[in-house]
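One letter stands for each residue in the lines below.
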Amino acid sequence: MADLAREAGITVRTLRFYRERKLIPPPRREGRIAWYNEHHLARLRTIGALLERGHTLGGIAELLAAFDTGRDVGELLGLENPLVPPWSEETPVRLTPEALADHFSEDITPENLSTSLDIGYLAVDGDAFVHISRRLLDASTELVHKGVPLAAVLEAGRQVRAHADALADVFTDLIRTHLLSDVLGRLAACEDVAPHEVDRISETIEKLRPLSKGVVEAELSMAMDRRVRAEVARWLPPERPAGPEGPERPEGPERPDGPEER
């Protein structure tokens with residue numbers, strides 16, 4: 001215990017206090033000997049980093065509880081079905097808890113962390129988080145830095161995810177109904193299918209990848225154009241049309257054409 005406390009830069013008394021508060025997992029025991037490992041050291045360093053960033057021990061305990069019950073990385077990235085290569089080209093990002101706090105500062109709360117885990121933006125991998133997408137992480141960070149609360153960003157992300165799932169349903173229904181109905185029907189009836197038919201499933205889906213992405217990108221771009229124009233028209237007052245001889249001048253007292261007669 002003394003060695004672990006020294007490596008973490010804390011006192012043995014503080015380490016015991018963390019154990020009592022269940023901020024670190026219990027050590028492995030062999031008889032009366034307690035064994036600590038690198039996992040315990042990483043957790044202590046995380047606690048110290050979060051304390052430096054202004055988090056309270058109570059808040060840290062809730063964050064770590066959400067961290068410990070987070071989703072597995074394999075589940076998050078959908079690695080369980082190797083038949084079809086993933087359509088997503090996103091790059092996952094590995095983050096320590098303190099690095100995540102650097103991205104979102106005081107917006108890192110147990111509620112926001114739990115929401116991120118629930119949506120699937122984050123997963124737990126050992127002593128770190130994995131964010132599913134570098135692009136989504138960068139976009140979320142930028143919005144928060146511009147003043148949008150992280151809770152609002154996550155709610156918007158949840159809505160976008162629901163609409164994206166609905167769009168995916170549209171395209172998979174097209175594939176199922178019009179392109180692969182024969183082979184999928186035999187599979188549903190538990191009939192044997194030839195290897196080349198299994199390859200056909202994968203090839204068909206792969207060929208439709210750029211088409212579906214192109215359709216969604218085009219429709220979203222046009223929808224944003226329509227909505228932005230409509231919103232700008234609402235926000236800005238209408239311009240007053242100029243008269244036939246140019247813009248109207250403010251009214252004032254009439255000036256005589258010549259010198260006043262006395």
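Residues numbered from 1 in each chain as written. Predicted model: local features only at pLDDT ≥ 70, side-chain atom pairs only at ≥ 80, totals over all residues. Heavy atoms only, no water.

Q: Got a sec to walk through the sheet that holds strand β5 (residues 128-131)? Specific residues and values, please.
A: Here three strands make up an open sheet; going across it, the order is β3-β5-β4 and the pairing antiparallel. Each of the sheet's edge strands pairs with one partner strand only, and the pair in question is β3 (93-95) and β4 (122-125). The mean angle between the axes of side-by-side strands here comes to 30°, regardless of whether they run parallel or antiparallel. As paired strands, β3 and β5 are joined by three bridges and run antiparallel to one another. Note that in β5 the partner of V93 across the bridge is H131. (Pairing = 2+ DSSP bridges. Helix = DSSP H or I, 4+ residues; strand = E, 2+ residues; numbered from the N terminus. Axes fitted to C-alpha atoms, helices over the stretch in contact; angles between N-to-C directions.)

Q: Give a description of the packing of helix α10 (residues 181-188) against helix α11 (residues 195-235) that names residues and reports values.
A: Between α10 and α11, whose axes approach to 10 Å, the crossing angle comes to 120°. Taken together, the axes of α10 and α11 are oblique relative to one another. You can see that α10 and α11 cross each other, and the crossing is left-handed. Within the contact between the two elements, α10 uses D182, V183, L184, R186 and L187 and α11 uses E197, R200 and I201. Residue composition of the contact of α10 with α11, grouped by class: four nonpolar, no polar and four charged. (Parallel < 35°, antiparallel > 145°, perpendicular 65-115°, else oblique. Left-handed = near helix turned anticlockwise from the far one by under 90°. Contact = heavy atoms within 4.5 Å. Nonpolar A, V, L, I, M, F, W, Y, C, P; charged D, E, K, R; others polar.)

Q: Describe the side chain of T141, and please don't skip the residues or the numbers.
A: For T141, the location among the structural elements is in helix α8 (residues 134-145). Assessed through its relative accessible area of 10%, T141 is described here as buried. The contact partners of T141, leaving out residues within four places of it in the chain, are H103 and F104. (Buried < 20%, exposed > 50% of the residue type's maximum accessible area, 1.4 Å probe, protein only.)

Q: So what's going on with the confidence of the model for the protein? Which residues, and what values?
A: Looking at the protein, pLDDT values average 78 and 81% of them are 70 or higher. With pLDDT under 50 throughout, residues 71-82 is counted as low confidence; its partners more than four residues away or in other chains account for 23 contacts. (pLDDT = per-residue confidence, 0-100.)

Q: Describe the layout of surface pockets, with residues and values.
A: Approximately 200 Å³ is the volume found for the second largest pocket. Lining the second largest pocket we find M1, A2, D3, L4, E7, A34, W35, Y36, N37, E38 and L41. Listing elements by their share of the lining of the second largest pocket, those giving two or more residues are α1 (2-8), β2 (33-35) and α3 (38-52). Considering every element that reaches the lining of the second largest pocket, the biggest residue donor is α1, with four residues. Taken together, the residues of the lining of the second largest pocket sort by class into seven nonpolar, one polar and three charged. (1 Å grid on protein atoms, 1.4 Å probe; cavity = no way out; pocket = protein on both sides within 12 Å on 5 of 7 lines; lining within 4 Å. Points joined across faces, edges and corners; volume = space filled by probe spheres on them.)

Q: Tell me about empty space enclosed by the protein, and please be specific about residues and values.
A: If you walk through the whole model with that rule in mind, you get three cavities of 30 Å³ or more. The computed volume of the largest cavity comes to approximately 110 Å³. What lines the largest cavity is a set of 14 residues, among which F104, S116, L122, L150 and L154 lie closest to the centre. Elements represented by at least two residues in the lining of the largest cavity include exactly α6 (97-104), α7 (110-119), α8 and α9 (150-179). Here the residues of the lining of the largest cavity are counted per class, giving 10 nonpolar, four polar and no charged.

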